[in-house]
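What the coordinates show
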Amino acid sequence: MNQSDPSMKKVVLVASDLMLGSNVSGAAAFLELEYRCVGTATDAIEQSANKDCLLLVDLGTPNLNIQELVTGLSTDCLSKAIAYGPHVHIAKLETAEKAGIGRVMSRGQFSAQVGPLMQEFKRGG
């Protein structure tokens, strides 16, 4: 896999959870998608620029500012983005939805669907 190919689709994960991160990186590698894991909104914006990108956002990432993140993303990236968090963190899930993130789901839903979601992205969905 050529990590520097500008035409390659890219998955950017904003997270600090290494367990779920390994699932995402494994699925990305299997699908031959470029992959980056970052811990800040600034890094996510930088990594998402000028690419066909799927942004995955763990709403439990420490010090994550959703408004800063969505303000710096292209409309296309934002519409494809997926945010997830514990189902009991209703306010964080609602904030992400209101901010315009394309899909918002519980951590359990995301964990169960990460492979199919990435396959859909690779196919162009």
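For every chain, the first residue of its written sequence is number 1, and the numbers climb from 1 along that sequence. In view of the model being predicted, local features appear only for residues whose pLDDT reaches at least 70, and side-chain atom pairs are presented and counted only at 80 or more, with totals across whole chains, interfaces and linings using the full set of residues. Remark: hydrogens and water are excluded; side-chain values derive from all non-hydrogen atoms of the structure.

**So, the sheet that holds strand β2 (residues 34–38)**
The strands that make up a sheet are held in pairs by hydrogen bonds between backbone atoms, and each pair lies either parallel or antiparallel. Only when DSSP finds a minimum of two bridges between them are two strands counted as paired. Every helix listed is a DSSP run of H or I at least four residues long, and every strand listed is a run of E at least two residues long, numbered separately from the N terminus. Ordered in space as β2-β1-β3-β4-β5, the five strands form an open sheet in which the pairing is parallel. The sheet is open, and its two edges are formed by β2 and β5 (103–106), each paired on a single side. Neighbouring strand axes in the sheet, compared pairwise and without regard to direction, differ in orientation by 15° on average. Relative to strand β3 (residues 53–58), strand β1 (residues 10–14) runs parallel, the two sharing five bridges. If you follow K10 over to β3, its bridge partner there is C53. Of the strands in this sheet, β1, β2, β3 and β4 (82–85) touch helix α1 (residues 18–30), which is tilted by about 165° from β2. Each axis is a line fitted through C-alpha atoms, taken for helices only over the stretch in contact, and angles between the N-to-C directions span 0 to 180 degrees. In what follows, residue pairs with any heavy atoms lying within 4.5 Å of each other are defined as contacts.

**Topic: the nonpolar core**
By convention a nonpolar core is built from buried Ala, Val, Leu, Ile, Met, Phe, Trp, Tyr and Cys residues, the set being connected through side-chain atoms within 4.5 Å. Here the term buried applies to any residue with accessible area under 20% of the maximum for its type, exposed to any over 50%, and partly exposed to those in between, with areas from a 1.4 Å probe on protein chains only. By size, the foremost hydrophobic cluster in this structure holds 22 residues, and its most contacted members are V14, L55, V57, L59, I66, L69 and I101. At the level of secondary structure, the elements contributing two or more residues to this core comprise β1, α2 (41–48), β3, α3 (66–71), α4 (75–80) and α5 (90–98). Among the nonpolar cores identified, the runner-up in size contains 20 residues, and V11, L31, Y35 and V114 belong to it.

**Some remarks on the pairing of β2**
Direction of pairing for β1 relative to β2: parallel, over a ladder of five bridges. Paired with V14 across the strands is V38, a residue of β2. In this region the chain leaves β1, passes through α1 and returns to the parallel neighbour β2; the handedness of that crossover is right-handed. A clockwise course of the path from the first strand over the helix to the second, judged with the strands pointing away from the viewer, identifies a crossover as right-handed.

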